[in-house]
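# Structural characterization, general
Residues per chain, in single letters:
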Amino acid sequence: MTKTLRCAIVGTGAIAHAHAKAIAAYPHAQLVAVTDLSRESATAFAAEFDRPRVYDDLDALLAAEHPDVVHVCTPPVVHREQSVAASRAGAHVIVEKPPAPSLEELDDMRRAAARAGRELVVVFQQRTGTAAAHVKRLLEDGAFGRPLIAQCQTLWFRDPAYFAVPWRGRWETEGGGPTLGHAIHQIDLLAFLLGDWESVQARLWRLDRETQTEDASTATLTFASGAIASVATSAVSPRETSSIRIDTQRATITVDHLYGHGHEHWRITPAPGFESEAAAWALPATEEPSGHDVLLRDVFDALRSGAPLPAVGADPARSFELVAAIYASAAEDGAVITPERLAAHPTHRRGFASPVTDRR
Ligand SMILES: NC(=O)c1ccc[n+]([C@@H]2O[C@H](COP(=O)([O-])OP(=O)(O)OC[C@H]3O[C@@H](n4cnc5c(N)ncnc54)[C@H](O)[C@@H]3O)[C@@H](O)[C@H]2O)c1
């Protein structure tokens, strides 16, 4: 465990800052190089973060630096090309959500990483934090009994000006609407807690915004555990919340937050007759909120030691499949989509463009 990971970032926009801060906070990683379409952006970014070398393109960076880890922080349309290039150059890839604009592209990225014997991690930082780990462990241990019914809400507010930006709200340039861009985080946390999914039925709605994609969606998910979940997503909700509620045989578990959670956002309410269990279910005394820093630290630890990826960095495709299944179901007028059906469906693997019911 002595190796220092040499990290590079492609795409030095908004989210790259969270990556650079997490690299700086980790004692055995160093940001050695960055690149961006805009040399100006990359140079300014480098000046902020200990002056990594700046390259005009990713190929030049990979050839010169042979980084151990490439952080892909660009828009999703270029994730495949850049992730595959980084894997071929022998780097582990840490790519921002959503991992790609289609399952087919994610397949290519996973194949390239597997061929190179390197890891591919998708950043879903909502899985992290001591509360999520604690609740997941108790659910898996059966301490709460069986999970029965769940709610998963991403009710955000994006005004008309947000969608006026030309690439937003269009299938070709954004790949999907708020289900893909926003709700994927909460859906990922839901699947992190409840495990493998069995089926999805969904509809896409256009309620109030000038978009080609949906501005809201509704879905019913079933999980292998037997649990069912109702998933509501919106970009038109004035009081914003990101929330999950899971009713189990012995307790109700809730997390209500917006973009990240600490212990104060979680609540475990025992069912009548299970009040005496509450002390055993209490969140751990030491708190770590969710975030990129925690995710990257745990992933870096695994990369350095050669251990399997931690749960917070594993299963790169599960929540992406759930989101793909929501669009696939909408494309088939609310049909039941199973993992098998999604896996075998060429169109649904190629992109998410689906009919949206206009109710404006
Ligand atoms: N995990 C999270 O909470 C979170 C939050 C915000 C964004 N994101 C994701 O991060 C990714 C980037 O989003 P952002 O908000 O930082 O966008 P951004 O527009 O702020 O930054 C993207 C950067 O990539 C550069 N770029 C574009 N194409 C490139 C190319 N071909 N080669 C090199 N550089 C290129 C742009 O010049 C820009 O500097 C997206 O996938 C987004 O969904 C994740």
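Residues numbered from 1 in each chain as written. Predicted model: local features only at pLDDT ≥ 70, side-chain atom pairs only at ≥ 80, totals over all residues. Heavy atoms only, no water.

### Quick look at the domain arrangement of the chain
The cut-off we apply is this: Per the annotation, domain bounds derive from an automatic or database assignment of domains. We call two residues contacting when some pair of their heavy atoms lies within 4.5 Å. Once two parts are put together, the accessible area they lose, assessed with a 1.4 Å probe and summed over both, is termed the buried area. In what follows, salt bridge is the name for a side-chain nitrogen of Lys or Arg lying within 4 Å of a carboxyl oxygen of Asp or Glu. Side-chain atoms alone can form a polar contact between residues adjacent in sequence; in general such a contact is a pair of N or O atoms within 3.5 Å, and within protein one must be able to donate a hydrogen while the other accepts it.
Split by domain assignment, the chain resolves into domain 1 (5-123) and domain 2 (127-289 + 318-358). Distance from the C-alpha centre of domain 1 to the C-alpha centre of domain 2: 27 Å. Contacts between domain 1 and domain 2 engage 11 residues on the former and 14 residues on the latter. Of all residues in domain 1, K97, L103 and E104 give up the largest surface area on contact with domain 2, accounting jointly for 50% of the area buried on that side. Viewed at the interface, domain 2 and domain 1 are joined by two salt bridges. Between R349 and D107 there is a salt bridge, and its shortest N-O distance comes to 3.2 Å. Here domain 1 and domain 2 share four residue pairs in polar contact (both at pLDDT 80 or more) between them.

### Let's talk about the packing of aromatic side chains
The criterion, for reference: Each pair of aromatic rings taken from Phe, Tyr and Trp, with Trp reduced to its six-membered ring, is defined by centres within 6.5 Å and is described as stacked if the planes are under 30 degrees apart, edge-to-face if over 60, and tilted in the remaining cases. Segments assigned H or I by DSSP are reported as helices when at least four residues long, segments assigned E as strands when at least two residues long, and all are numbered from the N terminus.
Tallied over the full model, the rule gives eight aromatic pairs. Ring centres of F144 and W281 lie 5.0 Å apart, and the angle between their planes is 65°; this geometry places the pair in the edge-to-face category. Note that F144 is positioned in the loop between α6 (130-141) and β7 (147-157) and W281 in helix α11 (residues 278-281), a separation of 137 residues in sequence. Between W156 and Y259, the aromatic rings sit 5.0 Å apart at their centres with planes inclined by 90°, giving edge-to-face as the arrangement.

### Observations concerning the side chain of S234
This is how the line gets drawn: For every residue, the accessible area obtained with a 1.4 Å probe (protein chains only) is divided by the maximum for its type, and the residue is called buried under 20%, exposed over 50%, and partly exposed between those limits.
Along the chain, the position of S234 falls in strand β10 (residues 228-234). Judged by its relative accessible area of 6%, S234 falls in the buried class. For S234, the side chain forms a polar contact with the side chain of S237, separated by 2.7 Å. Setting aside its immediate chain neighbours within four residues, S234 contacts T154, L155, W156, D215 and A216.

### Looking at the nonpolar core
Worth spelling out the cut-off: For the purposes of this section, nonpolar cores are sets of buried Ala, Val, Leu, Ile, Met, Phe, Trp, Tyr and Cys residues that join through side-chain atoms within 4.5 Å.
In this structure, I9, L190, L221, F223, W266 and F300 are the most contacted members of the largest nonpolar core, which totals 103 residues. With nine residues, helix α13 (residues 318-331) is the largest single contributor of residues to this core. Counting contributing residues per domain, this core is built from domain 1 (5-123) and domain 2 (127-289 + 318-358), each supplying no fewer than three. If we ignore the near neighbours within four places in the chain, the residues touching F300 are L5, C7, I23, Y26, A29, V69, H71 and I94.

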